[in-house]
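# Residue-level structural notes
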Amino acid sequence: MPANLPPQYVELENQYRDEKDPKIRLELAQRMLREIPKHKGTDHLVGELKRKISKLKVQIEKPQKHGATRHSAPDHIPREGAGQFVLFGPPNAGKSSILAALTRAHVEVTEWPYATHKPVAGMAQWENVQLQLVDTPSISPQFCEPYVFNIIRTTDVAVLVMSLGDDDILSEYDYIINRVHEGKVRLRNLVDPDPKLPTALDVPVAIVATGNDIPDSDTRLALLSDVVGERTTIWPVSLTQGTGLNEFLAGAYKMLGLIRVYTKAPGHEADLNDPILLPIGGNVGDAARGIHKEIAEQLQFARIWGTSGFDGSRVTADHEVADGDVLEFHF
Ligand SMILES: Nc1nc2c(ncn2[C@@H]2O[C@H](COP(=O)(O)OP(=O)(O)OP(=O)(O)O)[C@@H](O)[C@H]2O)c(=O)[nH]1
Ligand SMILES: [Mg+2]
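These notes cover the structure that comes with them. (Residues numbered from 1 in each chain as written. Chains lettered and ligands numbered in written order. Predicted model: local features only at pLDDT ≥ 70, side-chain atom pairs only at ≥ 80, totals over all residues. Heavy atoms only, no water.)

## Brief notes about the coordination of the magnesium ion (ligand 2)
For clarity, the threshold we go by: In this description, a donor is an N, O or S atom within 2.8 Å of the metal centre, a cutoff extended to 3.2 Å for sodium, potassium and calcium. Water is not part of the atom list, which can make sites seem incomplete. Elements are defined by DSSP. Helices are runs of H or I of four residues or more, strands are runs of E of two residues or more, and each kind is numbered from the N terminus. For every residue, the accessible area obtained with a 1.4 Å probe (protein chains only) is divided by the maximum for its type, and the residue is called buried under 20%, exposed over 50%, and partly exposed between those limits.
Within the protein, the atoms that donate to the magnesium ion (ligand 2) are Ser96 (OG) and Thr116 (OG1), at distances of 2.0 to 2.1 Å. Linking Ser96 in helix H4 (residues 95-102) with Thr116 in the loop between H4 and strand E2 (120-126), this pair joins segments that are 20 residues apart in sequence. In this pair, the class of Ser96 matches that of Thr116, namely buried.

This is how it looks when you write it as structure tokens:
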């Protein structure tokens, strides 16, 4: 086994080994595949992971014996786009309104609570990137679908949605954080670290505060900000006025820790609508692999244009790329 596996990978692998639920195992294996550095030394491991993923998919889709229909809880939403953001929180907070405003998904927005009873995914466009938003049934003392915790546990970023029209915003906040913790989801920075668990398994979390147009919303936002402090970001939005949504998408994208690079053919302009997404720290070889394995294998050098001062310089596969770089591959 190659020695240079990142700690996130090793931690995911430990969790994978202990996990019994095939759907969560599938999600973990897919995350491992994304974390693994792709080079000759890891080819074997990548192949093994892909085999595991195919097996798990077959296992999940296989109908049960005796002709029974499988009624499994919808606790796995396949990730699409640059990253997945699961919206969760108390009833009537505005989760479905956010999907209605930013995606084409069909969701039910109502004045009464508990309108959403199953998860719904939709794609939001931010600049030239697609972000997947997932609406979920609300969490409250009266009603809670335990599968929601599984959906939150395996997402890229969990987004707590709270309403600034809610007089009990602080007790709602406490309730949700504790309830999610009881559901065995560790929201990064919002709960004390568990010494028995690696912190890389904590789910990154941010907060969207809806109703920024409602009277006294400023006061409630100040109260919430005091409690949350520096632990995570709060994005105030108003769905009726359409404000704050772009800031939310920009910040959400930033939380994914990705960079965008573009490719061009010699003598042509780069297509700036079609980025290759790489984790921060990715190199020219990773970008080539983002298009096709063979391009990476046959690559001799690349020319690079970028904000960091490169203007068509020749670089090799191990050259680290920066956000916005344009690459021209030569074989
Ligand atoms: N004034 C105002 N109303 C909002 C805002 N966001 C949502 N609402 C209203 O709040 C109500 C609940 O919105 P939903 O999006 O259905 O809330 P939810 O969190 O999906 O609620 P359930 O799934 O039913 O528990 C609706 O009447 C929305 O129109 C906002 O920013 N400002
Ligand atoms: Mg809803």
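## Some remarks on the sheet that holds E2
This is how the line gets drawn: Any two strands with at least two DSSP bridges between them are considered paired. As a rule, the C-alpha atoms of each element are fitted with a line to give its axis, helices using only the stretch in contact, and angles between N-to-C directions run from 0 to 180 degrees. Whether two residues touch is decided by their heavy atoms; if any such pair falls within 4.5 Å, the residues are in contact.
Ordered by their spatial adjacency, six strands build an open sheet running E2-E3-E1-E4-E5-E6, and the pairing between neighbours is mixed. The sheet is open, and its two borders are formed by E2 and strand E6 (234-236), each paired with just one other strand. Along the sheet, successive strands turn relative to each other by an average axial angle of 25 degrees, direction set aside. Where H4 meets the sheet, its contacts fall on strand E1 (83-88), E2, strand E3 (129-135), strand E4 (157-163) and strand E5 (205-210), and the angle it forms with E3 comes to roughly 150 degrees.

## Things to note about helix H6 (residues 169-182)
Threshold: The span one expects for a helix is its residue count, reduced by one, times 1.5 Å. In this context, the arc is that of the directions from the helix axis out to the C-beta atoms.
For H6, spanning 14 residues, the distance from its first C-alpha to its last is 20 Å, which sits close to the expected 20 Å at 1.5 Å a residue. Regarding H6, the residues found buried are Ile169, Tyr173, Ile176, Ile177 and Val180. Projected down its long axis, H6 shows its buried positions confined to an angular sector of 95 degrees, all on one face. Those residues of H6 that are buried lie in contact with E1, helix H5 (147-153), E4, E5 and helix H7 (217-228). Following H6 by one or two positions, Lys184 has its phi on the positive side, about 65 degrees.

## Looking at the environment of Arg231
Where we set the bar: Counted as a polar contact is a pair of N or O atoms within 3.5 Å, where, for protein atoms, one must be capable of donating a hydrogen and the other of accepting one, and residues adjacent in sequence contribute only when both atoms are in side chains.
Along the polypeptide, Arg231 turns up in the loop between H7 and E6. Judged by relative accessible area, Arg231 falls into the partly exposed class, the value being 37%. As for Arg231 and Asp192, which are separated by 39 residues in sequence, their C-alpha atoms are 11 Å apart. When sequence neighbours within four positions are dropped, the list of residues in contact with Arg231 reads Asn189 and Leu190. Within polar-contact distance, the side chain of Arg231 engages the backbone oxygen of Val227 at 2.7 Å.

## A short note on the packing of H4 against helix H8 (residues 245-255)
For the record, the criterion: Roughly parallel refers to an angle under 35 degrees, roughly antiparallel to one over 145, roughly perpendicular to one between 65 and 115, and oblique to any angle outside these ranges. Under the scheme applied, nonpolar residues are Ala, Val, Leu, Ile, Met, Phe, Trp, Tyr, Cys and Pro; charged residues are Asp, Glu, Lys and Arg; polar residues are all the others, including Gly.
Direction vectors running N to C along H4 and H8 enclose 90 degrees, while the axes themselves pass 12 Å from each other. The pairing of H4 with H8 is recorded here as roughly perpendicular in orientation. Along its contact with H4, which presents Ile98, Ala101 and Leu102, the element H8 presents Leu245, Phe248 and Leu249. Along the lines of polarity and charge, the residues of the contact of H4 with H8 split into six nonpolar, no polar and no charged.

Nothing here speaks to function; it is geometry throughout.
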